[in-house]
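# Observations on chain architecture
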Amino acid sequence: PLYSSAASDVYKRQLMDWVNRPPDEDSFDVVNRLNHRGFSVAILGDLLWVGTAGGINLSRDNGESWERFQHADADTLSITGNFVTALGAQITSTGRELLWAATWAAEGSGEYYGVSVTENHGITWRRVLGSQAEPFRAHNFAFDDSIVYVASDEGLYKSVDFGETWGRFPPIIDYESFEVMYDQRIY
């Protein structure tokens, strides 16, 4: 056998320590509750952020209690969409803390694909990429101090001013083989 019975017993005990803890007070139900379908997690300082198909959830006490942020049609300081496929925690050398979210359209008519960012723990959100007319499907984030990179269906984007302006990288070319990456999608 690959595992001894003693190792197998330890593994079984470790599995039993796991507990389903949804990011709200409802009983765990991934079939009927979009907020129980988790897709992304980020830690920013002592804050736990969880992105689901029903919004962004914040816990300040290790998952004991939660606050949820969702798209609101009338509120431009909310996220662009409730399906949160990626979260990125950015802490700069000057101590600035930002949470970036790939916020996709879920079920609401006013939701759209975009990027949302907060610098005040979700009190307000900025919608920095995407719009109803021009949806922007972001997949992931990377950071180099104050610089943010966004991988998307439209290519790799970069901002040096916390999302106020953006530049897109040119197509990727291997200059040894001269092969061009024709698919602009970056994951």
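The paragraphs below set out a description of the structure included in this document. (Residues numbered from 1 in each chain as written. Predicted model: local features only at pLDDT ≥ 70, side-chain atom pairs only at ≥ 80, totals over all residues. Heavy atoms only, no water.)

### A word on the overall build of the protein
For the protein, the count of helices and strands is one helix and 14 strands. Projected onto its principal axes, the C-alpha positions of the protein cover 55 × 50 × 35 Å. When burial is assessed residue by residue, the protein has 38% of its 187 residues classed as buried. Of the contacts made within the protein by residues no fewer than 6 positions apart, 40% connect residues no fewer than 24 positions apart. (Helix = DSSP H or I, 4+ residues; strand = E, 2+ residues; numbered from the N terminus. Buried < 20%, exposed > 50% of the residue type's maximum accessible area, 1.4 Å probe, protein only. Contact = heavy atoms within 4.5 Å.)

### Section: empty space enclosed by the protein
Within this structure, the stated rule accounts for one cavity of 30 Å³ or more. Considered as a void within the structure, the largest cavity measures approximately 30 Å³ in volume. Lining the largest cavity are L44, W49, E97, L99, T118, E119, N120 and H121. Broken down by class, the residue content of the lining of the largest cavity amounts to three nonpolar, three polar and two charged. (1 Å grid on protein atoms, 1.4 Å probe; cavity = no way out; pocket = protein on both sides within 12 Å on 5 of 7 lines; lining within 4 Å. Points joined across faces, edges and corners; volume = space filled by probe spheres on them. Nonpolar A, V, L, I, M, F, W, Y, C, P; charged D, E, K, R; others polar.)

### Some details on the sheet that holds strand β3 (residues 55–59)
Strand order in this open sheet of four strands is β1-β2-β3-β4, and the pairing throughout is antiparallel. Bordering the open sheet on either side are β1 (38–44) and β4 (67–69), each of which pairs with just one other strand. Across the sheet, the mean angle from the axis of one strand to that of its neighbour is 20°, orientation sign disregarded. Taken together, the five bridges between strand β2 (residues 47–52) and β3 define a ladder with antiparallel strand orientation. (Pairing = 2+ DSSP bridges. Axes fitted to C-alpha atoms, helices over the stretch in contact; angles between N-to-C directions.)

### Examining the pattern of salt bridges
Scanning the entire structure with this criterion turns up six salt bridges. Between E119 and R96 there is a salt bridge, and its shortest N-O distance comes to 2.4 Å. Here the residue E119 occupies a position in the loop between β7 (114–118) and β8 (126–129), and R96 occupies one in the loop between β5 (83–91) and β6 (97–104), the gap between them amounting to 23 residues. The partly exposed category is assigned to E119, whose relative accessible area is 39%. Note that R185 and D183 form a salt bridge whose closest N and O atoms lie 2.7 Å from each other. Look at the salt bridges and you will find they share partners, linking D26, D29 and R33 into a network. (Salt bridge = Lys/Arg side-chain N within 4 Å of Asp/Glu carboxyl O.)

### Details of a nonpolar patch on the surface
On the surface, I173, Y175, F178, V180 and Y182 cluster together to form a nonpolar patch covering roughly 620 Å² of accessible area. Assignment of secondary structure puts Y175 in the loop between β13 (173–174) and β14 (179–180). (Patch = residues over 30% accessible without salt bridge, like charges linked within 9 Å, V, L, I, M, F, W, Y side chains within 5 Å. Areas by Shrake-Rupley, 256 points an atom, 1.4 Å probe, with all protein chains shown as cover.)

### A few points about the sheet that holds β7
What links the strands of a sheet is backbone hydrogen bonding, and the strands pair in either a parallel or an antiparallel sense. In spatial order, the strands read β5-β6-β7-β8; together these four strands make up an open sheet with antiparallel pairing. Edge strands, defined here as strands with exactly one partner in the open sheet, are β5 and β8. Strand-to-strand twist in this sheet, taken as the mean axis angle between neighbours without regard to direction, amounts to 30°. Sheet topology places β7 next to β8; three bridges connect them, and they run antiparallel. Bridged to S116 within β8 is R127.

### Section: the pairing of strand β10 (residues 147–152)
One face of the sheet, then the other: side chains in a regular strand alternate in exactly this way. The buried fraction of β10 amounts to five of the six residues, a majority that puts the element mostly inside the structure. Two elements, strand β9 (residues 138–144) and β10, share six bridges in a ladder whose sense is antiparallel. If you follow A138 over to β10, its bridge partner there is S152. Between β9 and β10, which pair antiparallel one after the other, the connecting turn spans two residues, and D145 there sits at a positive phi close to 55°. Where β10 lies against strand β11 (residues 155–159), five bridges are found, and the strand directions are antiparallel. Bridging across to β11, V150 finds its partner in Y157. Joining the antiparallel neighbours β10 and β11 is a turn of two residues.

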